[in-house]
Amino acid sequence: MAEVTLSNVSKAFGKTQAVSDISMTIGDGEFVVLLGPTGAGKTTTLRLISGLEKLDAGSVHIGGRDVGQDTPAQRDVAMVFQQYSLYPHLTVRDNLAFPLRSPILKTPEDEIARKVHEIAEVLQIPHKLDNKATELSGGEMQRVSIGRALVRDPSIYLMDEPLSSLDAKLRADLRVELKRIQAELGSTLLYVTHDQVEAMTMANKIGVLEEGRLVQFGTPKEIYEDPVSVYVASRLGLPRINILPSGLFPGAHKGAQIGLRPENIRQGDGVEARVVRAEHLGDQTRLHLDVQGHAITTLTDPHRTYSSDAMIRISPQNPLYFDAQGARVA
Ligand SMILES: Nc1ncnc2c1ncn2[C@@H]1O[C@H](COP(=O)(O)OP(=O)(O)OP(=O)(O)O)[C@@H](O)[C@H]1O
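Residues numbered from 1 in each chain as written. Predicted model: local features only at pLDDT ≥ 70, side-chain atom pairs only at ≥ 80, totals over all residues.

Section: helix α4 (residues 109-122)
With 14 residues, α4 ought to run about 20 Å at 1.5 Å a step, and its terminal C-alpha atoms sit 20 Å apart, in line with that. What α4 keeps buried is the set K115, V116, I119 and A120. Along α4, the residues classed as buried sweep out an arc of 130° about the axis, all on the same side. Of the residues in α4, the exposed ones pointing more than 90 degrees away from the buried face are D110, E111, R114 and E121. (Helix = DSSP H or I, 4+ residues; strand = E, 2+ residues; numbered from the N terminus. Expected span 1.5 Å × (residues − 1). Buried ≥ 20, exposed ≤ 12 C-beta atoms within 10 Å, placed from the backbone. Arc of directions from axis to C-beta.)

Structure below.
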């Protein structure tokens, strides 16, 4: 495993600037998640590191070596895509063994068998080892795709939304497994997702991308508690942070807009809010409120009942302040 450094990396496709002047270090043994909406440049960043795309500007170093002129194979990265890519005519066992049978690696067959079994156990597919890839469900195929990366010991794993096609239960299981494997092996991993739960639970560091630019890079806690903008603040947290005109609440304000996470709204005193709806989700109850025509979502005691149109009072706790353009000011 190795440290990977991007320095002022840019890439355009025609008029579209897909990646714009990104600098970032993925430390040896770190799990870094790239978070951003569709089109933000996440996949392009992975492809630039892997060598599937050529840089317009900047440099990529893997283990201290400039890999700008290297082919993907020479860069020794393992990539997992959103869509599975298996050899359909081979069994699961042979699909998993394939990367280890590369002539460069010269892995002994007993070592291959041991690794394949270990990975099949982790991915909960040992009973499928003799099936052809075409005889698997979509979720099973995706697990084999992930397994084909994990049997190797590359400088870095690059994963592009590898869990997005799986059902919720399997996704949650594999999230935990992937994090465990990475921590145990000390792997360096760059992982792309839209899913904030994956980002919060798996990452050592999160990089937030906005229109090809890296707008914040930090620990999940830093990104959640100390976002640089409304855009970053809105990427993490469910329900989303409430962004409101500061003037809705009395007192001196440090910016035009106030950002209140749902858990940072205290009930009891303060401004009047009308209850629009209470949503009981089992583990939490969300309360949808209206304050002078502005929708606000907060969390509330699951045992308390509210009649709709009831009036309550709320006040901000630990507010974040942003200017009118959305930049954080306090
Ligand atoms: N091969 C290409 N040719 C032309 N435009 C491209 C190409 N690849 C990416 N783009 C454009 O570059 C921008 C960034 O795309 P990219 O796939 O990196 O985004 P993303 O954040 O990975 O999005 P998604 O979550 O949808 O995968 C988009 O505007 C996209 O349309």
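Quick notes on the environment of I26
Structurally, the position occupied by I26 is in strand β2 (residues 16-26). Sequence spacing of I26 and K205 is 179 residues, and the spatial spacing of their C-alpha atoms is 8.5 Å. For I26, the residues in contact, after removing those within four places along its chain, are E3, V4, V32, I156, T188 and L190. (Contact = placed C-beta atoms within 7 Å.)

Quick look at helix α5 (residues 138-150)
Note on helix geometry: an α-helix contains 3.6 residues per turn, so any two residues three or four positions apart are oriented the same way. If you check α5, its first and last C-alpha atoms are 19 Å apart, about what 13 residues at 1.5 Å a residue would give, namely 18 Å. E140, M141, Q142, R143, V144, S145, I146, G147, R148, A149 and L150 are the residues of α5 that are buried. Contacts from the buried residues of α5 go to β6 (77-80), α3 (92-97), α4, β7 (156-160) and α6 (168-185).

Re the sheet that holds β6
Strand order across the open sheet formed by six strands is β6-β7-β8-β3-β9-β10, with mixed pairing between neighbours. Only two strands of the sheet have a single neighbouring strand rather than two, namely β6 and β10 (213-218). Recorded for the sheet is a direction-independent mean angle of 20° between the axes of neighbouring strands. Relative to β10, strand β9 (residues 205-210) is paired through five bridges, and the arrangement is antiparallel. Each bridged residue has a counterpart across the sheet, and for G207 the counterpart in β10 is F217. (Pairing = 2+ DSSP bridges. Axes fitted to C-alpha atoms, helices over the stretch in contact; angles between N-to-C directions.)

Re the sheet that holds strand β14 (residues 285-291)
The pairing of strands in a sheet comes from backbone hydrogen bonds and takes either a parallel or an antiparallel form. Reading across the sheet, the four strands line up as β15-β14-β13-β16 and stay open at both edges, with antiparallel pairing between neighbours. Sheet topology places β15 (294-300) and β16 (311-316) at the edges, where each strand pairs with a single neighbour. Across the sheet, the mean angle from the axis of one strand to that of its neighbour is 50°, orientation sign disregarded. As paired strands, strand β13 (residues 265-280) and β16 are joined by seven bridges and run antiparallel to one another. Paired with R266 across the two strands is S315, which belongs to β16.

Let's talk about the site of the ligand
Close to the ligand lie F13, T16, A18, G36, T38, G39, A40, G41, K42, T43 and T44. Counting residues per element, the ones that place at least two in the shell around the ligand are β2 and α1 (42-50). Take the shell around the ligand: its biggest share by element is three residues, from α1. In terms of residue class, the shell around the ligand is made up of three nonpolar, seven polar and one charged. (Near = placed C-beta within 6 Å. Nonpolar A, V, L, I, M, F, W, Y, C, P; charged D, E, K, R; others polar.)

Focus: the confidence of the model for the chain
For the chain, per-residue confidence averages 92 on the pLDDT scale, and 100% of positions sit at 70 or higher. Predicted complex, confidence summary: ipTM 0.96, pTM 0.90. (pLDDT = per-residue confidence, 0-100.)

Describing the nonpolar core
What tends to happen in soluble globular proteins is that the nonpolar side chains get buried as a cluster. Counting 76 residues, the largest nonpolar core has V33, I49, L96, I156, L158, L190 and Y191 as the members making the most contacts within it. For this core, the two domains that each supply at least three residues are domain 1 (4-235) and domain 2 (242-322). Look past the residues within four positions of L96 in its chain and what remains in contact with it is V116, I119, A120, V144, G147, R148 and V151. (Core = buried A, V, L, I, M, F, W, Y, C linked by C-beta atoms within 7 Å. Domains from an automatic or database assignment.)

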